[in-house]
Amino acid sequence: MNFDNIYTQIGHDLEKIGSGKETLMCFSKCSGNSQRISFVLGLELVRASFHEPLHLAKQEFLNYSKSEIQSTSHRVEGDVYYQKKLNWKAICFYNRSLLVGKDESLALTYANRSAVFYDTADWLHSLRDIQLSLDHGYPKHLECKLRERQGDCWLELGQVNQALISFNLARDLLMTLSTLQQKDKLGDLVLKLKQTKNKQKKAKKCGLPDNDKISSIKSIEQEIIKKRRSAPELHRARNPLLPSASASVELINTPDRGRCLVATEDIKIGETVIVEKAHASILLEEFKESHCHHCLHWTPGPVPCHKCSQVGFCSTQCRDEAWDSYHQYECGLTDFLCRTTRDVNTGQHGLLALRTVLKADRRLIIIANEQEKSPESYASQVFDSANYDTVHRLVDNSSQRSTTDIFRRAVMAVYLTSLIQIRDGKDRPDEVLATAVLRLLQSYPCNAHEISHMAIPVPSGFCSQSKSLQLQQIQSCEIGSAAFPVVSLMNHSCNPNVVHLCYGDVMVVKVIHRIARGEEILDNYGYHYATHEKRERQLKLCQQYYFRCRCQSCVEDWPLYRDTPKLTSRPDIADRITKDINNFKKLSCCYPEGSSQLEEAARLFIGHLDAMESDPSINLPVQEYNKAQEGLKLCLALLATLSPHLVF
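Computed from a prediction, not measured in an experiment: that's the story for all the values here.

Visitor: Please clarify how the pairing of strand β14 (residues 506-511) should be interpreted in this entry.
Guide: On a regular strand, one side chain projects to one face of the sheet and the next to the other, so that they alternate. Among the 6 residues in β14, 6 count as buried, and that is most of the element. Side chains V506, V508 and K510 project from β14 onto one buried face, and the interleaved M507, V509 and V511 project onto a second face that is buried too. Pairing between strand β5 (residues 272-277) and β14: 5 bridges, direction antiparallel. Note that in β14 the partner of T272 across the bridge is K510. As paired elements, strand β13 (residues 498-503) and β14 share 6 bridges and run antiparallel to each other. Note that in β14 the partner of Y503 across the bridge is V506. In this antiparallel pair of consecutive strands, β13 and β14, the connection spans 2 residues, and G504 shows a positive phi of 65°.

Encoded structure:
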């Protein structure tokens with residue numbers, strides 16, 4: 001039963017007893033979110049409507065467990081695909097086996113998955129899985145083959161000393177076995193040891209280093225993380241009062257625009273002005289087998305939660321961080337929460353609001369509620385994305401919302417908080433937490449951001465080695481949503497001067513139009529003058545964000561792209577842009593390392609944009625400017641996160 005069904009039933013029950021309008025009238029007199037939550041909690045009819053779904057959730061929570069039978073079934077199916085050399089499908093079934101497995105089942109599946117990673121030349125993931133298999137009690141009589149594979153991986157990585165340790169362990173294990181096959185294997189292993197020792201001697205003569213510090217799971221995972229595409233650095237030093245932004249950006253408060261970000265100096269196209277880690281984020285349900293529940297990065301080999309079978313992580317580090325931060329409160333309820341909010345208006349915002357509150361210290365929530373009553377206490381404070389109060393202070397547009405809308409959100413806040421607290425056996429949800437969820441449920445429709453990655457197709461023979469892909473094969477894909485308090489400070493323009501990109505749960509803001517000192521940093525809320533008629537833009541922005549846009553393209557009523565004039569005054573620039581656009585379309589994109597050609601294409605597009613902005617004879621808008629800007633945006637997106645999960 002999802003929330004819409006529950007809320008519809010509440011409405012029917014209120015109407016049945018003739019108190020629907022009266023209830024809303026009384027609710028409208030509540031002066032703040034705290035009173036609204038208390039009012040909803042005081043409605044016996046609402047509490048009664050929660051009884052059945054909360055009972056079902058409690059039963060699911062009490063009965064959830066790992067399953068050796070399911071784990072074995074998935075592993076066997078993975079083995080079948082591995083034998084057929086369908087590596088990607090094999091990994092998918094091994095991943096499912098691990099999510100539901102425990103004890104020896106985990107050990108066996110980690111070992112089998114390490115073999116696939118070895119065959120696809122993913123030495124680091126293979127090493128990580130080998131160590132996890134050993135940690136979970138891989139059978140001693142089979143360990144020798146695992147140690148040999150471990151040694152082979154170390155050799156491939158140039159870690160000769162580590163390889164010798166693994167090969168020696170494999171030899172010692174083989175010597176305890178008496179079968180003829182093992183004796184033959186022992187001879188092969190002794191030869192491999194001899195060859196490895198020779199490599200060690202040569203390395204010492206040449207003075208080559210052997211890094212002994214990457215043998216633990218944590219250190220191996222750090223090496224894996226280093227190979228990801230990492231977010232770029234800010235183009236200037238950080239603003240001490242706005243740590244996620246560069247010193248070329250400052251936060252001001254204006255009578256007509258409210259809080260906004262402005263440039264403290266001229267900023268060039270292509271510069272990075274904001275790099276912000278999400279305060280809180282959620283992963284869409286359909287990506288739980290391919291992306292990290294915590295950092296939202298794609299991972300070929302997720303690590304399961306110790307207790308539930310509903311989430312996976314890219315590393316033991318993310319798993320442990322998530323547990324300490326919020327997952328300990330939602331463990332075993334994640335699937336139920338997803339079902340409750342699936343296809344529900346504001347459902348994603350509800351999950352994100354709940355996640356935000358679970359991460360926050362209750363004491364800090366109380367402080368934020370008190371400071372809300374005294375706005376002057378915010379003056380000159382550091383606006384740090386990691387602090388709960390920065391999310392709490394985002395505009396919620398409560399005064400613009402209808403009573404019915406706020407009532408629905410209040411009921412959702414109480415219900416979601418009640419679900420989480422069944423773990424503790426509490427009959428009544430914490431009003432402080434529910435109040436915070438309600439505030440965020442009003443704020444996030446205007447302030448939460450979609451997390452999108454560029455997705456590439458994954459054939460059955462997936463390999464971690466470099467692949468060349470045509471741009472037409474790559475698509476933008478929404479994988480989650482997140483709260484970025486600093487990014488949310490940017491106001492809208494139908495002709496924005498920045499674009500934002502995602503690196504996992506980190507958002508990067510880059511300049512795509514020159515920004516002069518004193519000018520505002522302007523984002524786009526999804527309605528661009530080139531693709532949406534002015535009337536549609538104004539209507540949508542008013543409905544969702546409660547403002548009337550007065551940007552240049554609205555005031556001057558700029559035409560759609562198809563009706564925008566072409567650059568006839570400078571045919572030389574127009575011809576070069578057309579040529580570079582055509583060349584760009586022919587480019588291939590390499591995974592996982594990216595393409596130097598993309599960086600060159602981005603440089604060319606920046607040059608074209610600069611040339612047009614510098615020429616006083618060119619009056620915007622012109623089609624060529626749009627083309628160059630869109631080309632730049634696509635280049636930047638392709639240079640950010642690429643996730644191989646688009647199955648075809």
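Visitor: What should I look at first to understand empty space enclosed by the protein in this one?
Guide: Rolling a probe over the atoms, with the probe sized like a water molecule, indicates the empty space that remains. Scanning the model with the defined rule gives 3 cavities of 30 Å³ or more in all. Every residue lining the largest cavity is counted, 17 residues in all, and those nearest its centre are L283, H293, T334, C338 and R355. When contributions to the lining of the largest cavity are tallied by element, the ones reaching two or more residues are β6 (280-283), α14 (334-341) and α15 (347-359). Here the residues of the lining of the largest cavity sort into 9 nonpolar, 3 polar and 5 charged.

Visitor: Just to check I follow, could you spell out the nonpolar core for this structure?
Guide: Nonpolar side chains tend toward joint burial in soluble globular proteins. V40, F50, I365, V411, Y415 and L419 are the most contacted members of the largest nonpolar core, which totals 66 residues. By residue number, the principal contributor to this core is helix α18 (residues 403-421), which donates 11 residues. Contact partners of V40, with chain neighbours within four places excluded, come to F27, V46, F407, A410, V411 and V414. Listed in part, the 37 residues of the second largest apolar core include V508, I618, Y625 and L638.

Visitor: Before we go on, may I ask you to explain the packing of aromatic side chains in this structure?
Guide: Both the distance between ring centres and the angle between the ring planes are used here to describe each pair of aromatic rings. Summed over the entire model, instances satisfying the criterion amount to 15 aromatic pairs. When the centroid spacing of 6.4 Å and the interplanar angle of 50° are considered together, the rings of Y545 and F547 count as tilted. Three or more aromatic residues link up through ring pairs in this structure, and these residues are F3, Y7, F27, F39, F50, F407 and Y415. Sitting above the plane of the Y82 ring, K85 keeps its charged end 5.8 Å from the centroid. Directly above the aromatic system of F93 lies the positively charged group of R96, at a separation of 4.8 Å from the ring centroid.

Visitor: When you look at unusual backbone geometry in this model, what are you seeing that I'm missing?
Guide: Negative phi is the rule for most residues except glycine; trans is the rule for most peptide bonds. The linkage connecting L620 with the following residue, P621, adopts the cis geometry, with an omega of 10°. Here P621 is to be found in the loop between α23 (596-614) and α24 (623-639). Its identity as a non-glycine residue notwithstanding, K85 has a phi of 65°, on the positive side. On the secondary structure map, K85 appears in the loop between α5 (68-83) and α6 (87-100). Backbone geometry at N397 places phi at a positive 55°, although glycine is not the residue there. By secondary structure assignment, the location of N397 is in the loop between α17 (388-392) and α18. Assessed through its relative accessible area of 14%, N397 is described here as buried.

Visitor: How should I be thinking about the pairing of strand β2 (residues 242-246) in this particular structure?
Guide: Counting buried residues in β2 gives 4 out of 5 residues, a clear majority hidden from the surface. Examined bridge by bridge, strand β1 (residues 238-239) and β2 share 2 bridges and lie antiparallel to one another. Bridging across to β2, N239 finds its partner in L242. Where β1 folds back on β2, the antiparallel hairpin that results is connected by 2 residues.

Visitor: What is the right way to look at the packing of helix α4 (residues 44-63) against α18 in this model?
Guide: Two quantities define a packed helix pair, namely the angle between the axes and the distance from one axis to the other. For the pair α4 and α18, interaxial distance at closest approach is 10 Å and the crossing angle is 35°. Our pair here, α4 against α18, has a crossing hand that is right-handed. Two secondary-structure elements touch here, α4 through V46, F50, P53, L54 and A57 and α18 through V411, V414, Y415, S418 and L419. Considered class by class, the residues forming the contact of α4 with α18 number 9 nonpolar, 1 polar and no charged.

Visitor: Quick question: what am I supposed to make of the pattern of salt bridges here?
Guide: Oppositely charged side chains may form a pair once their charged atoms are brought near each other. In this structure the tally under the stated criterion is 31 salt bridges. The partner of E60 in a salt bridge is R339, and the shortest N-O contact between them spans 2.5 Å. Taken together, the residues E60 in helix α4 and R339 in helix α14 connect sequence positions 279 residues apart. On the basis of relative accessible area, E60 is assigned to the partly exposed category, the value being 23%. Given the relative accessible area of 35%, R339 is considered partly exposed. Between R393 and D389 there is a salt bridge, with its nearest N and O atoms 2.7 Å apart. Assessed through its relative accessible area of 10%, R393 is described here as buried. By relative accessible area, D389 is classed as buried at 16%. One connected set of salt bridges, linked through shared partners, spans R113, R128, D129 and E221.

Visitor: Where do I start with the confidence of the model for the protein chain in this structure?
Guide: In regions of low pLDDT, the predicted coordinates are not meant to be interpreted in detail. Averaged over every residue, the pLDDT of the protein chain is 90; the share at 70 or more is 91%. Segment residues 375-379 is flagged for pLDDT under 50; beyond a separation of four residues in sequence, or across chains, it makes 5 contacts in the model.

Visitor: Sorry if this is basic, but what is going on with helix α9 (residues 143-156) here?
Guide: Owing to its 3.6 residues per turn, the α-helix brings residues three or four apart onto one side. An ideal rise of 1.5 Å per residue puts 20 Å on 14 residues; α9 measures up with 20 Å between its terminal C-alpha atoms. Most of α9 sits out of view: 11 of its 14 residues are buried. Of all the residues in α9, the buried ones are E143, C144, L146, R147, E148, R149, Q150, G151, D152, C153 and W154. At the exit of α9 stands G158, carrying a positive phi of roughly 80°.

Rules used throughout
Residues numbered from 1 in each chain as written. Predicted model: local features only at pLDDT ≥ 70, side-chain atom pairs only at ≥ 80, totals over all residues. Heavy atoms only, no water. Buried < 20%, exposed > 50% of the residue type's maximum accessible area, 1.4 Å probe, protein only. Helix = DSSP H or I, 4+ residues; strand = E, 2+ residues; numbered from the N terminus. Pairing = 2+ DSSP bridges. 1 Å grid on protein atoms, 1.4 Å probe; cavity = no way out; pocket = protein on both sides within 12 Å on 5 of 7 lines; lining within 4 Å. Points joined across faces, edges and corners; volume = space filled by probe spheres on them. Nonpolar A, V, L, I, M, F, W, Y, C, P; charged D, E, K, R; others polar. Core = buried A, V, L, I, M, F, W, Y, C linked by side-chain atoms within 4.5 Å. Contact = heavy atoms within 4.5 Å. Phe/Tyr/Trp six-rings, centres within 6.5 Å; stacked < 30°, edge-to-face > 60°. Lys NZ or Arg CZ within 6 Å of the ring centre and 35° of its normal. Axes fitted to C-alpha atoms, helices over the stretch in contact; angles between N-to-C directions. Left-handed = near helix turned anticlockwise from the far one by under 90°. Salt bridge = Lys/Arg side-chain N within 4 Å of Asp/Glu carboxyl O. pLDDT = per-residue confidence, 0-100. Expected span 1.5 Å × (residues − 1).

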